[in-house]
Amino acid sequence: MEHNHCNHNHNHTSAEETLALLKYMANHNAHHAEELMETVNALPDKAADLIKEAVALLNQSTEKINRAIKESEE
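Here the structure is a predicted model, which means the values were calculated and not measured.

> Before we move on, can you summarise the overall build of the protein with the specific residues and values?
For the protein, the count of helices and strands is two helices and zero strands. Per-residue burial for the protein yields a buried fraction of 19% across its 74 residues. Partitioning the contacts of the protein with sequence separation of at least 6, the portion at a separation of at least 24 is 55%.

> How would you summarise the environment of alanine 33 if you had to cite specific residues and measurements?
Mapping alanine 33 onto the fold places it in helix H1 (residues 15–37). Separated by 29 residues in the primary sequence, alanine 33 and threonine 62 have C-alpha atoms spaced 9.7 Å apart. What alanine 33 contacts, discounting residues up to four positions off in sequence, is Val55, Leu58 and Asn59.

> Describe helix H2 (residues 45–73), listing the residues and the values that go with them.
Over its 29 residues, H2 extends 42 Å from the first C-alpha to the last, a length consistent with the 42 Å expected when each residue adds 1.5 Å. Considered for burial, the residues of H2 that qualify are Ala48, Val55, Thr62, Ile65 and Ile69. Close packing links the buried residues of H2 with H1.

> Give me the lowdown on the pattern of salt bridges, citing residues and values where you can.
Here the structure, examined in full by the defined rule, presents one salt bridge. Between glutamate 73 and lysine 23 there is a salt bridge whose closest N-O contact spans 2.7 Å. In this pair, glutamate 73 sits in helix H2 while lysine 23 sits in helix H1, placing the two residues 50 residues apart along the sequence. Residue classification places glutamate 73 among the partly exposed positions, given a relative accessible area of 46%. Since its relative accessible area comes to 36%, lysine 23 is described here as partly exposed.

Calculation criteria
- Residues numbered from 1 in each chain as written.
- Predicted model: local features only at pLDDT ≥ 70, side-chain atom pairs only at ≥ 80, totals over all residues.
- Heavy atoms only, no water.
- Helix = DSSP H or I, 4+ residues; strand = E, 2+ residues; numbered from the N terminus.
- Buried < 20%, exposed > 50% of the residue type's maximum accessible area, 1.4 Å probe, protein only.
- Contact = heavy atoms within 4.5 Å.
- Expected span 1.5 Å × (residues − 1).
- Salt bridge = Lys/Arg side-chain N within 4 Å of Asp/Glu carboxyl O.

Structural data, given as structure tokens:
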């Protein structure tokens, strides 16, 4: 499973750039959540449960980012 992170210049000055970055990050997080869930079948039960809990927290975080995006677009 290869994964690359882009190096970001975090000195965004416009609202459009900030929203674009937030949307990218939300989609990126969702992709990570999917990848993590693909691992649970190969793990012992306790480890799988921890990954499932971590994914639930990641999804909650991503939902908050999506809500912030929606609030910013209104």
